[in-house]
Amino acid sequence: RKRGIIAANMSCPPAASVSDGSYEGVRRRPVPVHYDWHVAPSQGDDGEDDDDGVVFEEEQPTKFQEYVGMLCDYVFWILLAYCAANLLLWIGEQLGLIHPHFEEWMPVRWWHSDPHGVQKKLFENATSGAVTAAQFEGLKKWIIGGPGGWVSPKLTVVDYLSERGRYERRLEVKEVVEQDEILVRLPLSHVLSSDFCKQDLTDSTIRQVVDAQKKHTETIEISAWTWITLYMIAHSRKGAISASESWRFDSLLRTEYVDAALSYIPIFWDDENLHWLNGTDLLNIHVLDMHAAIETEYHKITYMVPSIQDSIPVIEFKKWAMVVMSRGETVDLPDRENKTRTVPQLAIMPLIDLVDHHLPMPDQPLFTDDDLLKFQERGSHTNISYSADSAAVILRAKERLDPKVAVTVGYGVRSNADYLLYHGFTMPREWSDLTICTQYGMIELPLPENMPIWKSQFLAHPYRFAVPACPNRKSTPHVIIGAARFLVASEQDVLDFEARLIKDPSLLDATPVFRGDKFLHHSVREALVNVCDTKTQPPLCRSPLSWENERAAWALVKKQTLARVAAHSMSTDEDDRILREDDHTNSLTVNQRHAVIVRREEKMTLQRWCSIATTIADLLETPGGEQACGVTRVPDSEKLENDEPRVRPRYWQRLIDMGKPGEVAQPPAMCRAQ
């Protein structure tokens, strides 16, 4: 036989004969059978039943087995090489020899080449041909044609040039308007909410997106302003084709007027204008966030309906999205699922959206949220609200309006950066001086180096926090301090605080969970459940873990605050000089002046917060700092807002007092931009 036989070694003595009929001089050694194989018996082995269930060493594998073996070898070595390569990359990164490179995202941008020229041309065309008056009459007719729609005959739309030749349209009264007099009654069928726009069956694009969203296997949420944007794009194109009076949005929004208005909003500025915002959070954070938010929504709808990319360019989508955000108003409207109740909804309200912003200059500085709300209620000339009886949104005068007075409403007390980002204007620099204590700065806390595993699983990236310029009872920096405690905490800090907490539960406004005596447990990971709030992102330690931890937390916040102040390349004194000079020479463009006002206000806010952060950080370094870290509890009778912790360190009252008028007269030198 040729298969299954091992030739006898001629140097060895012959094997003994086998009584069962086997060949003499040949030794056969059985091996375990692999039961996935089927071995056919050899020819001529009749009667050899002892060979059942064994194969012989020299049996050759099949071709299939050879290919499987080769494939397994390839997979093994490839995986081994992949793991080795990743290990080498990790070692290189840790040693600083290799730095990971990520492709930098750049937003899709557009800006007008001659914004000042288009402003002048629009004004000349509007005034010479009475175009605005004709468009206004068509818009009034459309509103009155709706169920219960009405427009006061005392209203008119006027073209005018505002600051430095900026073309504007505003709503004015031609006659005296008495208090509580109704100016516009806009039917609910003419209010462009997201629910209304989503149900529009006249546009194929909206129908395609609605159908794709229903059929898609994964849930894709589309923002309210995206539906309104798609609606306005569709009907603006219909309006460009025919002069139909059935348009369902403000017919005053012609393409050329949209381009002119958007040229004052920072996401549509050119590089020369953006240069004036260098170093500001408005440019480095908010403008980029706005670009990212709009482009993300665009990619969502083009992912569901790829044909949209050919019919609606991203720039056109971005323009109309900014129109919606700029002119949109949040108003209580009937809930689609329950008509008996109203819910806040973003909506475009034709004609009413021509009402400009106006708030008078405060008589004295505003410090608290209560001051802010009272001022807003008192400063607005009109009121916009939904009336269930008439099923319409009503614009009503809150006070007497004289002839040729603009119809205005207050957009709220907000930062100049917010006004500029969404509406393309700023308040005078004196506004910043009087409202500085209502503003917030942005501070970023980086991730600690060489994080332990128990900490790194909760931290995905660096985090930015809003900090109040003037802390008060309803607004304190408890979030950033709670996060800083976690970032600088050591394992021993967590374990020691948990041990004290179990003995004295009053150290934290929560009942600790007793972990028991377990043979195996994760120690610090389980202790975190008691010590810090790990459900938030990032985790917050709402009470001081120790004096050392509290000092380290405030030192980190102080360091990052000073770094943020130093990022500004020009001082507030220089900004004041530029604005005073421009008051006499008009040497700055509209956008440049707005940029200087915004960056000046941001610096003032940061400097105010920097004064507080450095004072508290230095206080904790003194011998009395340990006692100041002891905790006290706010009485249960006192109502807290914004998740303010009821158990807080003793120095917290000192922090709140520093937000009061006159407590911080002049920021220290280290807090002033050079």
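Everything discussed here concerns the structure shown above.
Residues numbered from 1 in each chain as written. Predicted model: local features only at pLDDT ≥ 70, side-chain atom pairs only at ≥ 80, totals over all residues. Heavy atoms only, no water.

Student: Whenever I open this one, the overall build of the protein chain confuses me. Can you help?
Tutor: Looking only at helices and strands, one finds 23 helices and 15 strands in the protein chain. The buried share of the protein chain, taken over its 674 residues, is 45%. Taking the intrachain contacts of the protein chain between residues at least 6 apart in sequence as the baseline, contacts between residues at least 24 apart amount to 72%. (Helix = DSSP H or I, 4+ residues; strand = E, 2+ residues; numbered from the N terminus. Buried < 20%, exposed > 50% of the residue type's maximum accessible area, 1.4 Å probe, protein only. Contact = heavy atoms within 4.5 Å.)

Student: What's the story with the environment of Lys455 in this structure? I'm lost.
Tutor: Within the secondary structure, Lys455 sits in helix 15 (residues 453-456). Looking at Lys455, the relative accessible area reads 3%, which means it is buried. Taking C-alpha positions, Lys455 is 8.5 Å from Arg525, a pair spaced 70 residues apart along the chain. There is a polar contact of 2.6 Å between the side chain of Lys455 and the backbone oxygen of Ala489. (Polar contact = N/O pair within 3.5 Å; in protein donor to acceptor, adjacent residues only side chain to side chain.)

Student: Help me understand helix 17 (residues 491-503) in this model?
Tutor: Every α-helix carries 3.6 residues per turn, so stepping three or four residues along brings you back to the same face. Taking 1.5 Å of rise per residue, 13 residues should cover 18 Å, and helix 17 covers 19 Å from first to last C-alpha, within 8% of that figure. Among the residues of helix 17, those classed as buried are Asp493, Val494, Phe497, Glu498 and Leu501. Buried residues of helix 17, seen end-on, are gathered within an arc of 125° and therefore sit on one face of the element. Looking at the buried side of helix 17, the elements it contacts are helix 15, helix 16 (478-488), helix 18 (524-531) and helix 19 (547-566). (Expected span 1.5 Å × (residues − 1). Arc of directions from axis to C-beta.)

Student: What is the right way to read the sheet that holds strand 1 (residues 150-151) from this model?
Tutor: One open sheet accounts for four strands, arranged 1-4-10-9; its pairing is antiparallel. At either end of the open sheet lies a strand with only one pairing partner, and these are strand 1 and strand 9 (382-387). Taken together, the five bridges between strand 4 (residues 182-187) and strand 10 (residues 392-397) define a ladder with antiparallel strand orientation. Along strand 10, the bridge assignment pairs Ile182 with Arg396. (Pairing = 2+ DSSP bridges.)

Student: Can you walk me through the packing of helix 11 (residues 314-327) against helix 13 (residues 416-423) in this structure?
Tutor: When two helices pack together, their arrangement is captured by the angle between the axes and the distance separating the axes. In the contact formed by helix 11 and helix 13, the axes pass within 8 Å of each other and the chain directions differ by 135°. In terms of orientation, helix 11 and helix 13 fall into the oblique class. When helix 11 is examined against helix 13, the residues Met322, Met325 and Ser326 are found in contact with a partner set consisting of Leu421, Tyr422 and His423. The residue makeup of the contact of helix 11 with helix 13, split by class, is four nonpolar, two polar and no charged. (Axes fitted to C-alpha atoms, helices over the stretch in contact; angles between N-to-C directions. Parallel < 35°, antiparallel > 145°, perpendicular 65-115°, else oblique. Nonpolar A, V, L, I, M, F, W, Y, C, P; charged D, E, K, R; others polar.)

Student: Where do I start with the packing of helix 16 against helix 19 in this structure?
Tutor: Close contact between helix 16 and helix 19 brings their axes to 8 Å; oriented N to C, the two are set at 115°. By the angle between their axes, helix 16 is roughly perpendicular relative to helix 19. Handedness of the helix 16/helix 19 crossing: right-handed. Seen from helix 16, the contacting residues are Ile480, Ile481, Ala484, Arg485, Leu487 and Val488; seen from helix 19, they are Asn549, Glu550, Ala552, Ala553, Trp554, Leu556 and Val557. When the residues that make up the contact of helix 16 with helix 19 are grouped by side-chain class, the tally is 10 nonpolar, one polar and two charged. (Left-handed = near helix turned anticlockwise from the far one by under 90°.)

Student: Explanation requested: unusual backbone geometry in the structure shown.
Tutor: Trans peptide bonds make up the majority, and among non-glycine residues the majority have a negative phi. That bond from Gln537 to Pro538 is cis: its omega, 0°, falls within 30 degrees of zero. With phi around 60°, Asn642 is a residue other than glycine that occupies positive phi space. Among the structural elements, Asn642 can be located in the loop between strand 14 (631-633) and strand 15 (647-649).

Student: In this structure, what is going on with the packing of aromatic side chains? I would like to understand it.
Tutor: Each aromatic ring pair is described using two quantities: the centre-to-centre distance and the angle formed by the ring planes. Enumeration according to the criterion identifies 14 aromatic pairs in this entry. Seen from their ring centres, Tyr298 and Phe317 are 5.5 Å apart, and the 50° between their planes marks the pair as tilted. Of this pair, Tyr298 sits in helix 9 (residues 281-304) while Phe317 sits in helix 11; the two residues are 19 residues apart in sequence, bridging distant segments of the chain. Judged by its relative accessible area of 0%, Phe317 is buried. With a centroid separation of 6.4 Å and 85° between ring planes, the pair formed by Trp454 and Phe486 is classed as edge-to-face. Here the residue Trp454 occupies a position in helix 15, and Phe486 occupies one in helix 16, the gap between them amounting to 32 residues. Accessibility assignment for this pair places Trp454 and Phe486 in one class, buried. Within the aromatic cluster, the residues linked to one another by ring pairs are Trp554, Trp609, Tyr651 and Trp652. (Phe/Tyr/Trp six-rings, centres within 6.5 Å; stacked < 30°, edge-to-face > 60°.)

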